[in-house]
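An overview of the molecular structure
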Amino acid sequence: MSSQQLVNVGKISGVFGVKGWVKVFSFTDPRDNILTYSPWILKKGSEEKTIVVMDGQLQGKTIVAQLDGINDRDQAASLMGWEVFIKPEQLPEPSEGEYYWSELVGLNVETVDGVQMGKIDSLLETGANDVIIVKGDRERAIPFLLDQVIVNIDLNEGKMIVDWDPEF
């Protein structure tokens, strides 16, 4: 299965204790939601392995997890830097008008006047509102404000229509 069909939900960032637990940097919101998905598909370079989450918890500001077959600190350390993916079907269906960020990355963005601006490269969470980063002839940061700036999202066509000045 290719990485583009999978959803990146985190990264193994360290070891916790001596019994094989790992620290996980989670991209989910809330952070500990990553523990509700199992199995994880771990990827590093061209290597890939599927592993079951046995247990996990929020430990201060860190997420820690016990993974099946990882029983000591050395085994846990060997997983540092591996990215954590899940299959899209493991995610709950979003409500009407809600989208997973992973669904938006790669969409073509054009203005209401038909000006092509590029593709969504990433999204940023800011204090006021989320922002989409669009890369085309140049990089643009566009506020993710549904029904204000974001006029239409068509996942089937792979397109987002925005009411945004392309010169801004």
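I will try to describe carefully the structure that is included in this document. (Residues numbered from 1 in each chain as written. Predicted model: local features only at pLDDT ≥ 70, side-chain atom pairs only at ≥ 80, totals over all residues. Heavy atoms only, no water.)

1. Regarding the sheet that holds strand β1 (residues 7-16)
What counts here: Any two strands between which DSSP finds at least two bridges are classified as paired. Elements are defined by DSSP. Helices are runs of H or I of four residues or more, strands are runs of E of two residues or more, and each kind is numbered from the N terminus. Helix axes are fitted only over the stretch in contact, all axes being lines through C-alpha atoms; the angle between N-to-C directions runs from 0 to 180 degrees.
Taking strand neighbours across the sheet as the criterion, the seven strands line up as β4-β3-β7-β1-β2-β6-β5 in an open arrangement whose pairing is antiparallel. Two strands lie at the open edges of the sheet, namely β4 (47-51) and β5 (53-59), each paired on one side alone. Taking the axes of each pair of neighbouring strands and ignoring which way they run, one obtains an average angle of 35° across the sheet. Strand direction decides the pairing type here: strand β3 (residues 40-44) and strand β7 (residues 83-86), joined by three bridges, are antiparallel. Looking at the pairing, Ile41 lines up with Phe85 of β7.

2. What to know about the pattern of salt bridges
Put simply, the rule is: Throughout this description, the term salt bridge denotes a Lys or Arg side-chain nitrogen within 4 Å of a carboxyl oxygen of Asp or Glu. Using a 1.4 Å probe on the protein chains alone, a residue whose accessible area is under 20% of its type maximum counts as buried, one over 50% counts as exposed, and one in between counts as partly exposed.
By the definition in use, this model includes five salt bridges. The partner of Asp137 in a salt bridge is Arg140, and the shortest N-O contact between them spans 3.1 Å. The exposure class of Asp137 is exposed, given its relative accessible area of 65%. Notably, a salt bridge pairs Glu157 with Lys159, separated by 3.6 Å at the nearest N-O pair. Its relative accessible area of 25% is what places Lys159 among the partly exposed residues.

3. Re the side chain of Lys43
Relative to the elements of secondary structure, Lys43 occurs in strand β3. Overall, the relative accessible area of 12% leaves Lys43 in the buried class.

4. Digging into the pairing of β1
Sheet topology places β1 next to β7; four bridges connect them, and they run antiparallel. In the sheet register, Lys11 faces β7, and the bridge partner there is Glu83. Pairing geometry for β1 and strand β2 (residues 21-26), over six bridges, is antiparallel. What sits directly across from Phe16, in β2, is Trp21. In sequence, β1 turns back onto β2 through a hairpin of four residues, with Gly17 there showing a positive phi of about 75°.

5. Describing the pairing of β5
As defined by bridge partners, β5 adjoins strand β6 (residues 62-67) across six bridges and the pair is classed as antiparallel. In the strand pairing of β6, Asp55 is matched with Gln66. Connecting β5 to the next strand, β6, in antiparallel fashion are two residues, including Gly60 with a positive phi near 65°.

6. Some words on the side chain of Thr111
For the record, the criterion: In what follows, residue pairs with any heavy atoms lying within 4.5 Å of each other are defined as contacts.
As for its position among the elements, Thr111 is in strand β8 (residues 108-111). Not counting residues up to four positions away in its chain, the partners in contact with Thr111 are Met117, Ile161, Val162, Trp164 and Pro166.

7. Digging into the packing of aromatic side chains
Quick note on the threshold: What counts as a ring pair is set by centres within 6.5 Å for rings of Phe, Tyr and Trp (its six-membered ring), and what kind of pair is set by the plane angle: stacked under 30 degrees, edge-to-face over 60, tilted for all other angles. Whether a charge sits over a ring depends on NZ of Lys or CZ of Arg being within 6 Å of the ring centre and within 35 degrees of the ring normal.
Counted under the stated rule, the structure contains two aromatic pairs. Ring plane angle 75° and centroid distance 5.6 Å describe the contact between Phe25 and Phe27, whose orientation is recorded as edge-to-face. A relative accessible area of 45% places Phe27 in the partly exposed class. A ring pair is formed by Trp164 and Phe168, whose centres lie 5.3 Å apart and whose planes are at 65°; its orientation type is edge-to-face. Accessibility expressed as a relative area gives 17% for Trp164, which makes it buried. For Phe168, a relative accessible area of 61% gives the class exposed. Its guanidinium or amino end placed over the ring of Trp82, Lys49 lies 4.6 Å from that ring's centre, counting from NZ or CZ.

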